[in-house]
Amino acid sequence: MSISETTKIAIPEPREISTVPRFSDRVFRVVVSLGGISSLVILGAIAFFLGIRGFDVLSNTGIKFITQYEWYSAINTDGTAGEQASTFGIGAMLVGTIITALIAVAIGVPIAVASALYLNFYAPTAVRGFLVSVIDLMAAFPSILFGLWGFNVLMPGGEYWAKLLHKYLSFVPLFDVSAPVFSRSPFIAGVVLAIMTIPIITSVSREVFSQTPLDRIQAAYALGATKWSMIRAVVLPFGSSGIVGGAMLGLGRAMGETVAVFTVLNIVFQANFQILLGAGGNVASLIILKFGEASGEEINALMAAGLILFLLTLLVNTVADLIVNRSGRKGR
Amino acid sequence: MSNVTAPKPMKPWRATPKELLPNLFAGIFVLCGSWILIEFTGLSGKLGAFLSASILTLISVTLIANYKSGTNAGKNAFFGTLVAIGGILAILPVASIIFTVLVKGTKGIYLGFFTTDMSLASVNDELTVGGILHAIIGTVLLIALAMVISVPLAILTALYLTEIKGPGSRLIRFLVQAMSGVPSIVAGLFIYSAFITGTGRGFSGFMGSLALAILMLPTVARTAEEVLLLIPSDLREAGLALGGTQWRTVAMVVVPAAKSGLVTAIILGVARIAGETAPLLFTTGGGDTVNGNPFNGVMGSIPFAIWKALISGSDESNARAWASILVLLSLVMVLFYTARKLGKRKI
């Protein structure tokens, strides 16, 4: 069989080359894009639905909704109308939310930054992995667990520390109390929130610290720096915006916390700046407190409060996100 | 002849007893000093002991380093100790929480706790009456439904960010980040306002899982995005070079390669929502009987059972709350451990 005898080889038609995606790819892209905008749709829907439910209350009360301290529903629990007109104001709760969140950050940030530094630069490698996973596990603890633990274990100890602070620092207006009620105070709620935010701040700071360029670290050592002077000259300036961003993320988390605050805080409708006094508030725990017996307009007022809380945390998280993403450009 | 003795191995960098002497003194100083502080000042309790011991350790370590090697070494030792104390302070609550839950929770655990529900038990009944079967079934159903809703959306979001890299990538990444900061109570309120009031539909398990899905989505999407970014682009190019379309490449090369990472992402999402309480208070109604139908009727769940027991406040229900939280914590820890194990595996 010689070569000439072979049958004709069918030359395949040259395939058309094009940059137009196939049909399957177009379907794929549309489906994935639709899934991708789900977060946009959900966030928009949250703002929309809370907005339309709360619109009446918000437009009736106006700016007073966030400045007024009173919360009174004219409808009694048995459905009859009360004598006074309803007033809805979350001023006291907003003040309380911000105070407890600030206490949480003030206590949580130093501890979290120290533990991030310890984990990244000091911890022996044998225990580092274990410690990191313990702190990550803490982030996954349910908030009701923190509430229960805070109420049963932290509160007695916290009361003692609050009395100690009051005894020695009562000349500072912040630590003064007008009545000797130390349990269920914003201070204790702040400590619980601090413990809840530590894992978040630690992991954000650790992330930023670990991005410190190795050559700068080694340059510092080569110039004769001790470990601490290296950290102060290289790591902390490099990671400063990471720390700030982590603190903001923690602030956002602390503001929206519900169950843990509700269990440990005594909710009172007045602005209380004495953090050791057992009276405070939190928008989220207001919603939980009033939801069970609310009806009609009060429900709408709670929706409006939820909308304010949503916008507040969104704002804080946006700022945090901007700061964290800007991080890592500085440092000596 | 063969009487050669090998030289004893030496460790010249080891501190001699004489050099260790200050450390011994420092240890004695810290122990005695903190005893004196607790005995004669206002400090008390475990935390007080910890505080005084750490302050004294800080002082003595700094002084020793300062005396031995100068001011810089002193500063270094001071801040090194301070940072270590911070690390211990961060770990302490976890230890305390786990210890408390184990001690208080085991009292309420018995076999019937897992096989009966609370429909025939009141809050003041003995611990041997009633259990959390309804809550366990409810939690499992809620989590399963929330997964069915949120996992596809989350994975599609991650694919949009890593594979399509569409024009909205930056915005979507930001929105997912923002969504992870949405307070859980807002998710519950949203579901309540959009699907429950004014529609005539009552509380049900499905509503609860909608709220949980909102909270789960960002966690899964962010972790999945990180995992997909780790897949080398060589794999994608190889898939395309073999003539595959993008769809085939993603479905048959990228996603299978990232499988264990994606499972980790899902488990982390489940761990995030397993203990959520606030959104369930607005959506599920929290029944006391076993309800296998998530679309109709109130449905209990472990966090809701804890909440109810906590509110009622009797000793027995408090013990039930701790026992339920032990169950919940074990669930979270098992999930977390599994995620770690899977996450360590090479992609």
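Since we're looking at a predicted model, the values are computed, not measured.

Turning to the overall build of chain A, a few remarks are in order. Of the regular secondary structure elements, chain A holds 12 helices and two strands. Reading chain A from its N end, one meets helices and strands in the order α-α-α-β-β-α-α-α-α-α-α-α-α-α. By the compact-globule yardstick of 20 Å for 332 residues, chain A is too spread out, its C-alpha radius of gyration being 28 Å. In terms of overall dimensions, chain A has a C-alpha envelope of 110 × 65 × 35 Å along the principal axes. When burial is assessed residue by residue, chain A has 47% of its 332 residues classed as buried. Here the analysis covers contacts within chain A between residues at least 6 apart in sequence; of these, 79% occur between residues at least 24 apart.

This part covers the overall build of chain B. Looking only at helices and strands, chain B has 13 helices and zero strands in total. Scanning chain B from its N terminus toward the C terminus, one meets helices and strands in the order α-α-α-α-α-α-α-α-α-α-α-α-α. In terms of C-alpha radius of gyration, chain B reaches 28 Å, well past the compact-globule figure of 20 Å for 347 residues. Expressed as lengths along the three principal axes of its C-alpha atoms, the size of chain B is roughly 85 × 70 × 50 Å.

Remark: helix 6 (residues 143–169) of chain A packs on helix 3 (residues 71–105) of chain B, axes separated minimally by 11 Å, with the N-to-C direction vectors making an angle of 85°. On the basis of the axis angle, helix 6 of chain A is roughly perpendicular to helix 3 of chain B. Taking contact as the criterion, the partners of Leu145(A), Trp149(A) and Val153(A) in helix 6 of chain A are, on helix 3 of chain B, Ser96(B), Ile97(B) and Thr100(B). Along the lines of polarity and charge, the residues of the contact of helix 6 of chain A with helix 3 of chain B split into four nonpolar, two polar and no charged.

We now examine the interface of chain B and chain A. Contact residues are listed per partner, giving 74 residues for chain B and 74 residues for chain A. When the residues that make up the side of chain B that touches chain A are grouped by side-chain class, the tally is 50 nonpolar, 20 polar and four charged.

Turning to unusual backbone geometry, a few remarks are in order. Of note in this structure, Arg184(A) is not a glycine but carries a positive phi near 55°. In this structure, Arg184(A) sits in the loop between helix 6 and helix 7 (186–209).

All names here are of chain A. Two elements in contact, helix 8 (residues 214–222) and helix 9 (residues 227–255), have axes whose closest approach is 10 Å; the angle formed by their N-to-C orientations is 145°. The element helix 8 and its partner helix 9 pack so that their crossing is right-handed. Contacts from Arg216, Ile217, Ala220 and Tyr221 of helix 8 reach helix 9 at Met230, Ala233 and Val234. Of the residues assigned to the contact of helix 8 with helix 9, the class counts are six nonpolar, no polar and one charged.

Before going further, it helps to examine the domain arrangement of chain B. Residues and elements named next belong to chain B. Its domain assignment divides chain B into domain 1 (17–107) and domain 2 (133–344). Computed over C-alpha atoms only, the centres of domain 1 and domain 2 are separated by 41 Å. Domain 1 puts five residues into the contact, and the matching count from domain 2 is six residues. The residue inventory of the side of domain 1 that touches domain 2, partitioned by class, reads one nonpolar, two polar and two charged.

Given 3.6 residues per helical turn, the α-helix brings residues three or four places apart onto the same face. All of the buried residues along helix 9 (residues 246–257) of chain B are Gln246(B), Trp247(B), Thr249(B) and Val250(B). Down the axis of helix 9 of chain B, the smallest arc covering the buried residues is 140°, so these residues share one side. Among the exposed residues of helix 9 of chain B, those pointing more than 90 degrees away from its buried face are Met252(B) and Pro256(B). Where helix 9 of chain B is buried, its residues touch helix 1 (23–36) of chain A together with helix 4 (133–164) and helix 8 (233–241) of chain B.

Right, let's talk about the nonpolar core for a bit. If you look at the biggest cluster of nonpolar residues, it comprises 192 residues, and the most contacted ones within it are Val192(A), Val283(A), Ala305(A), Ala224(B), Ala271(B), Ile325(B) and Val332(B). Counting contributing residues per domain, this core is built from domain 1 (17–107) and domain 2 (133–344) of chain B, each supplying no fewer than three. The contacts of Val332(B), once residues within four sequence positions are left out, are Ala140(A), Phe141(A), Pro142(A), Ala271(B), Ala274(B) and Gly275(B).

Bringing the environment of Leu89(B) into the picture now. Examined against the element boundaries, Leu89(B) turns out to sit in helix 3. In this structure Leu89(B) comes out as buried when scored by C-beta crowding, with 21 C-beta atoms within 10 Å.

All right, on to helix 9 of chain A then. Relative to the 42 Å expected for 29 residues at 1.5 Å per residue, helix 9 of chain A spans just 36 Å between its end C-alpha atoms, considerably shorter than the ideal helical length. Helix geometry: helix 9 of chain A is bent most strongly at Ser240(A), by close to 50°.

Further remarks concern the confidence of the model for chain A. Reading fine detail from the predicted coordinates is not recommended where pLDDT is low. Residues and elements named next belong to chain A. Scored by pLDDT, chain A comes out at a mean of 85, with 92% of its residues at no less than 70. Mean pLDDT values for the elements of chain A range from 78 in strand 1 (residues 71–72) up to 94 in helix 8. For the stretch residues 328–332, pLDDT sits under 50, and the model shows 13 contacts to residues farther than four places along the chain or on other chains.

The next thing to look at is the confidence of the model for chain B. Residue-level pLDDT values for chain B average 87, and 97% of them are 70 or greater. Complex prediction metrics read pTM 0.88 and ipTM 0.86.

Further remarks concern the environment of Phe187(A). Residues and elements named next belong to chain A. Position of Phe187 relative to the elements: it lies in helix 7. Among the residues examined, Phe187 registers 26 C-beta atoms within 10 Å and is labelled buried. Note: C-alpha distance between Phe187 and Val27 (160 residues apart in sequence) is 55 Å. Apart from the residues within four sequence positions on either side, Phe187 is in contact with Ile103, Ala162, Ile275 and Leu276.

Tracing the chain through its elements places Ser169(B) in helix 5 (residues 169–180). Along the chain, Ser169(B) and Leu58(B) lie 111 residues apart, while their C-alpha atoms are 49 Å from each other.

What counts and how
- Residues numbered from 1 in each chain as written.
- Chains lettered and ligands numbered in written order.
- Predicted model: local features only at pLDDT ≥ 70, side-chain atom pairs only at ≥ 80, totals over all residues.
- Helix = DSSP H or I, 4+ residues; strand = E, 2+ residues; numbered from the N terminus.
- Rg over C-alpha atoms; globule rule 2.2 N^0.38 Å.
- Buried ≥ 20, exposed ≤ 12 C-beta atoms within 10 Å, placed from the backbone.
- Contact = placed C-beta atoms within 7 Å.
- Axes fitted to C-alpha atoms, helices over the stretch in contact; angles between N-to-C directions.
- Parallel < 35°, antiparallel > 145°, perpendicular 65-115°, else oblique.
- Nonpolar A, V, L, I, M, F, W, Y, C, P; charged D, E, K, R; others polar.
- Left-handed = near helix turned anticlockwise from the far one by under 90°.
- Domains from an automatic or database assignment.
- Arc of directions from axis to C-beta.
- Core = buried A, V, L, I, M, F, W, Y, C linked by C-beta atoms within 7 Å.
- Expected span 1.5 Å × (residues − 1).
- Bend = angle between axes of the 7 residues up to and from the residue.
- pLDDT = per-residue confidence, 0-100.

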